[in-house]
Amino acid sequence: MAVIVALGAFLMTLLGGWTAQRVTDRRHLVLGLAGGLMLGVVGLDLLPEALHAAGDEVFGVPLALLLFVAGFLVAHVVERLLAVRQAAHGAENGARVPEVGLTAAAAMVGHSLADGVALGAAFQVGGGMGVAVALAVITHDFADGFNTYTLTSLYGNDRRKALMMLFADAVAPVVGAASTLLFTLPEEPLGPYLGFFGGLLLYLAAAEILPEAHHKHPALSTLMCTVGGVAGIWLVVGIAE
């Protein structure tokens, strides 16, 4: 049952990527929406789940929040190191580094894989829990596909690579769900993982996608797309609950 439901997530991911691809003539609106979707996923989905799952504290701070900050810093450090490396090879200062886009998209694929595992684990607990998690996974996989294609393209990767990463992101929840036929997932690592991944996404949204969206098109329509993206995730989270 979990694998069948994951096929729905597969289709929703492809639909999200197809939507991002079809509106490239409105690139600033796509980026504004992608930034809003990411902010919504981080603040309204990942962090609440991370804090709910996190048990341990380190010097009075939940481990999930420490890893949230660590994820943000890791994304920043990796991007800066790749930018310095590219500059040393003669690239223009401030030029986009394609490897950053591929790394970010790979992180999205990893998260989709974890979504599939969570889906399979939920069906191990019971049908009611499985249905609730299935609704959450399927509805927000549209945003995952949209963001995966947008991130890969934003950093200068060609359409072939963007489609390749989109397909990998679509297949990942199916693979994750199928893998739970072989094992039972422990709950302990969930909070730290969600916190770290949330930090990565926040960096990409706040430091890369939103500034690029408003760089050449500081329009009200772009801002409204960002707000709409956050509101859309809020609606998805509310329906899933």
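Before reading further, recall that the structure is shown in the block above.
The structure contained in this document is the topic of the report that follows. The shown structure was predicted, so the numbers you read here are calculated from the model rather than taken from an experiment.

1. Remarks on the overall build of the protein
Within the protein, the regular secondary structure consists of eight helices and two strands. Written out in order from the N terminus, the α and β elements of the protein read α-α-β-β-α-α-α-α-α-α. The burial tally for the protein puts 42% of its 241 residues in the buried class. Residue pairs at least 24 apart in sequence account for 83% of intrachain contacts in the protein once pairs closer than 6 positions are excluded.

2. A look at the packing of helix α1 (residues 2-22) against helix α6 (residues 159-179)
At a closest axis distance of 7 Å, the pairing of α1 and α6 adopts a crossing angle of 160 degrees. In this view, α1 runs roughly antiparallel relative to α6, as classed from their interaxial angle. The two elements α1 and α6 meet at a crossing, and its hand is right-handed. The segment α1 lies against α6, with Ala-2, Val-3, Ala-6, Leu-7, Ala-9, Phe-10, Thr-13, Leu-14, Gly-17, Trp-18 and Gln-21 engaging Arg-159, Leu-163, Leu-166, Phe-167, Asp-169, Ala-170, Val-171, Pro-173, Val-174, Ala-177 and Ala-178. Here the residues of the contact of α1 with α6 are counted per class, giving 17 nonpolar, three polar and two charged.

3. Here we look at α6
Helix length check: α6 (21 residues) gives 30 Å between terminal C-alpha atoms against 30 Å at 1.5 Å per residue, within 8%. At Val-171, α6 shows its largest bend, some 30 degrees, and a proline, Pro-173, comes one to four positions later. For α6, every residue scored as buried is listed here: Ala-162, Met-165, Leu-166, Asp-169, Ala-170, Ala-172, Pro-173, Val-174, Gly-176 and Ala-177.

4. A word on the environment of Gly-199
Mapped onto the elements of the fold, Gly-199 is located in helix α7 (residues 190-215). Along the primary structure Gly-199 and Ala-70 are separated by 129 residues, whereas in three dimensions their C-alpha atoms are 6.9 Å apart. For Gly-199, the residues in contact, after removing those within four places along its chain, are Phe-68, Gly-71 and Phe-72.

5. Here we look at the packing of aromatic side chains
With the rule as written, the count across this model stands at three aromatic pairs. Residues Phe-10 and Phe-167 carry aromatic rings whose centres are separated by 6.1 Å and whose planes lie at 85 degrees to one another, so their mutual orientation is edge-to-face. Taken together, the residues span a long stretch of sequence, with Phe-10 in helix α1 and Phe-167 in helix α6 at a distance of 157 residues.

6. A closer look at a nonpolar patch on the surface
On the surface, Leu-220, Leu-223, Met-224 and Val-227 cluster together to form a nonpolar patch covering roughly 400 Å² of accessible area. Looking at the secondary structure, you find Val-227 in helix α8 (residues 220-240). Residue Val-227 is classed as partly exposed on the basis of its relative accessible area, which comes to 46%.

7. What to know about the nonpolar core
Counting 37 residues, the largest nonpolar core has Met-38, Leu-151, Leu-201 and Ile-209 as its most contacted members. Looking at this core, the elements that each hand over two or more residues are α2 (27-53), α3 (63-88), α4 (98-125), α5 (127-154), α6, α7 and α8. With ten residues, the top contributor of residues to this core is α2. Those residues in contact with Met-38 that sit more than four places away from it in its chain are Asn-147, Leu-151, Leu-201, Leu-204, Ala-205 and Ile-209.

Parameters and conventions
- Residues numbered from 1 in each chain as written.
- Predicted model: local features only at pLDDT ≥ 70, side-chain atom pairs only at ≥ 80, totals over all residues.
- Heavy atoms only, no water.
- Helix = DSSP H or I, 4+ residues; strand = E, 2+ residues; numbered from the N terminus.
- Buried < 20%, exposed > 50% of the residue type's maximum accessible area, 1.4 Å probe, protein only.
- Contact = heavy atoms within 4.5 Å.
- Axes fitted to C-alpha atoms, helices over the stretch in contact; angles between N-to-C directions.
- Parallel < 35°, antiparallel > 145°, perpendicular 65-115°, else oblique.
- Left-handed = near helix turned anticlockwise from the far one by under 90°.
- Nonpolar A, V, L, I, M, F, W, Y, C, P; charged D, E, K, R; others polar.
- Expected span 1.5 Å × (residues − 1).
- Bend = angle between axes of the 7 residues up to and from the residue.
- Phe/Tyr/Trp six-rings, centres within 6.5 Å; stacked < 30°, edge-to-face > 60°.
- Patch = residues over 30% accessible without salt bridge, like charges linked within 9 Å, V, L, I, M, F, W, Y side chains within 5 Å.
- Areas by Shrake-Rupley, 256 points an atom, 1.4 Å probe, with all protein chains shown as cover.
- Salt bridge = Lys/Arg side-chain N within 4 Å of Asp/Glu carboxyl O.
- Core = buried A, V, L, I, M, F, W, Y, C linked by side-chain atoms within 4.5 Å.

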